[in-house]
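Structural description and commentary
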Amino acid sequence: MKRIVLCLAVFIAFVIPLPASVGAQEVIPLASSVYEDMDLLYLLAGEGTPSGSRPWTKAEAQAILGRVQKEGLQAAALSLYESIEERVDAALRWNFSDGFSLSAYADISVESYVHLNSDFSSYGAWDYSYVDRKPLLRLRLDMAVSDFFYTYSDLQYGYGLHTKDDTLDYLGADESVGALIPKDSKLYYVDENTTLVQYQKRYANNLISSSTHIDFQTPKRSVISLGGPRWNATFSRDRISWGNSKIGNFVLDDHVDFHEYLRFTTYSEYFKYEALAVFFDMNCVGSSKLRMLLAHRLEFRPWGKVSVAVSENVMYQDDTLDLRFLNPAFVYHNLNQREKFNAIAHIELAYVPVAGFRLYGQFALDQAVAPNEGDNPELPAWGLSLGADYATVLAQGVWQSSIEASLALPHMYRRDTVDFLMARRYAGLNNNAWNAIKLDYIGSPYGGDAFVLHAQTLYKVADRGSLSLAVTGVLKGDIGMFTELDDRSSGYGTTMFSEDVIHTSFIATLAGALDVGNLISFNTDWQVYSQVSLLARGSYLQSLQAFNSHAWDVQLVMGTSFSF
């Protein structure tokens, strides 16, 4: 007992009196409300748009916050500012005399899921789905050395993508997945339409009771981060996003649960540069080829109210790695080797003409015929999204409304040699498929041949809670990742909805969250949240000019999350 007391005394003597090191290279996860709150604050202050290249480090978030002048902010906006400031300035939990800092946390989340129609039985048929659902238990550990080095990893216990109870889909002899998976691959797969027991049940929860159901994809986040006052380099397994679209960003979107990437950023008040390499596992689809997304992005804020970002990005696929192509200053479109590359160029624009009102959009060009190029068989492919935000202070909180439209042509992300699809192995104790391949888009979750409308209204009180209503309508053609494609003889070209069937869906979601810990001055994160969604899906037959049978579902989610 004396030894224990002595050790505690030494620990307290070394830790408690020390000034906290911020851990400036700590990477803020995309699930953090810092991003939504910073977007709101900038809109209210008329400061344009914060960087759309995310995640940020705390050092970058502090620099972004520092551009907003506290003087003159209304009370609700000032509360939002101070809430963000507290989080981005927060130190790690324990700090030692040599600059070393350490945090350890446990998150416990209990969620219940109820719906009326068991035919809505895939993760794509739920509004609150695989990436959103929290594990029952997550253990988090992060460490920092001064403001130069930071590392994070976690361990979680929750439901996997597929479980022992599921019978998975199988790629038959005549089925392929774009240029990514050839025919006769004999692979089990999961996509947004795969029936899974955990989504089929009318009543379910995340109280996992058997190891045959656990998610083997752990850690979900693992980060090594190095940097200085104006630069950062990370090697991470983490979510990443480029842009401020609420429907889906065209190059990199955060609907994917994680990517594995190497990233370098440097930034100032008016400029940000990013070089990125995202790595993909090809062994899971039976290929020995190397596959990487090589990307570089330039972001400018020439005036406070305007931000512009341009990027050039290629999917590189080859039997060997040619180190020449890793030069991030290279012009990738000069790599005229279509058997190795598929290129996407991209531009974003945001403009805040007056405080509280923002216009924004992004355009991605997957393929086009250049002037004087002659007879080029590759058909044009592009995506365009346009949106508007409005925000104002209302009582003690902030009211925000937004509307956005997004369109992507059928050839978007698709080529007959190299495409922008992704496949990832998800292990599970399944009777017929220990390893199943999850198929997804890297960019917009709807892929090509899609038109989407989205509107949302949000009311938020800083450190108290929020209430939101979101409505989304989708028209999706039959051209998808399973469609066979030949660039030289495409049956659908650039025509939207060229096939007879147009798939339709509608989602309306009312969601609320309450920060209980802040309300009762409890020095621990404690949140209660819930949402109810009305969903409809069906199809429209162009030949008959008639709607086919529709299905409806009402989905209710209730949860609480506690960290200590």
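The text that follows walks through the structure, step by step, so that each part is easy to find. (Residues numbered from 1 in each chain as written. Predicted model: local features only at pLDDT ≥ 70, side-chain atom pairs only at ≥ 80, totals over all residues. Heavy atoms only, no water.)

Comments concerning the sheet that holds strand β7 (residues 188–190)
- Spatially, the four strands line up as an open sheet ordered β6-β7-β21-β20, and their pairing is mixed. The open sheet has two edge strands with one neighbour each: β6 (169–170) and β20 (421–427).
- One ladder, built from seven bridges, connects β20 with strand β21 (residues 435–441); its direction is antiparallel. By the bridge assignment for β21, R425 is matched with I437. (Pairing = 2+ DSSP bridges. Helix = DSSP H or I, 4+ residues; strand = E, 2+ residues; numbered from the N terminus.)

So, the packing of aromatic side chains
- Taken as a whole and judged by the stated rule, the model has 17 aromatic pairs.
- Between Y189 and F482 the ring centres are 5.5 Å apart and the planes differ by 50°, which places this aromatic pair in the tilted class. With a gap of 293 residues between them, Y189 in strand β7 and F482 in the loop between β23 (465–476) and β24 (501–515) connect regions that are remote in the sequence.
- Taking the centre distance of 5.4 Å and the plane angle of 50° together, the rings of Y316 and F341 count as tilted. (Phe/Tyr/Trp six-rings, centres within 6.5 Å; stacked < 30°, edge-to-face > 60°.)

Overview of the environment of N548
- Locating N548 in the fold gives a position in the loop between β26 (546–547) and β27 (551–563).
- Along the primary structure N548 and H503 are separated by 45 residues, whereas in three dimensions their C-alpha atoms are 9.6 Å apart.
- What N548 contacts, discounting residues up to four positions off in sequence, is S539 and L541. (Contact = heavy atoms within 4.5 Å.)

Points about the pattern of salt bridges
- Applying the stated criterion to the full structure yields 23 salt bridges.
- A salt bridge links R87 to D37; its shortest N-O distance comes to 2.7 Å. Here R87, found in helix α4 (residues 75–88), pairs with D37, found in helix α2 (residues 34–45); they are 50 residues apart in sequence, far enough to count as distant.
- The exposure class of R87 is partly exposed, given its relative accessible area of 25%.
- Overall, the relative accessible area of 3% leaves D37 in the buried class.
- Linking R140 and D107 is a salt bridge whose minimum nitrogen-to-oxygen distance equals 2.7 Å. On the criterion of sequence distance, the pair formed by R140 in strand β4 (residues 137–145) and D107 in strand β3 (residues 100–115) is long-range, its members being 33 residues apart. (Salt bridge = Lys/Arg side-chain N within 4 Å of Asp/Glu carboxyl O. Buried < 20%, exposed > 50% of the residue type's maximum accessible area, 1.4 Å probe, protein only.)

Focus on the nonpolar core
- I181, L252, L276 and L439 are the most contacted members of the largest nonpolar core, which has 37 residues in total.
- Counting only elements with at least two residues in this core, the list comes to β13 (271–280), β14 (290–303), β20 and β21.
- Ignoring anything within four residues of it in the chain, the contact list for L252 reads I240, S241, W242, H259, L276, L293, I442 and G443.
- One finds Y35, L44, A76 and Y81 within the second-largest nonpolar core, a separate group that totals 26 residues. (Core = buried A, V, L, I, M, F, W, Y, C linked by side-chain atoms within 4.5 Å.)

A look at the side chain of S236
- Structurally, S236 is set in strand β10 (residues 231–238).
- With residues near it in sequence (within four places) discarded, S236 still touches S222, V223, I224, H259, E260 and Y261.

Things to note about a nonpolar patch on the surface
- Residues L116, L467, L469, V471, F506, L510, V532, L534, W552 and V554 make up a contiguous nonpolar surface patch of about 840 Å² in total accessible area.
- Among the elements of the structure, β23, β24, β25 (526–541) and β27 are those that each provide at least two residues to the nonpolar patch.
- Here the element with the most residues in the nonpolar patch is β23; it accounts for three residues.
- By secondary structure assignment, the location of L116 is in the loop between β3 and β4. (Patch = residues over 30% accessible without salt bridge, like charges linked within 9 Å, V, L, I, M, F, W, Y side chains within 5 Å. Areas by Shrake-Rupley, 256 points an atom, 1.4 Å probe, with all protein chains shown as cover.)

So, the pairing of β10
- Here seven bridges tie strand β9 (residues 222–228) to β10, and the two strands are oriented antiparallel to one another. Paired with S225 across the bridge in β10 is T234.
- Joining the antiparallel neighbours β9 and β10 is a turn of two residues.

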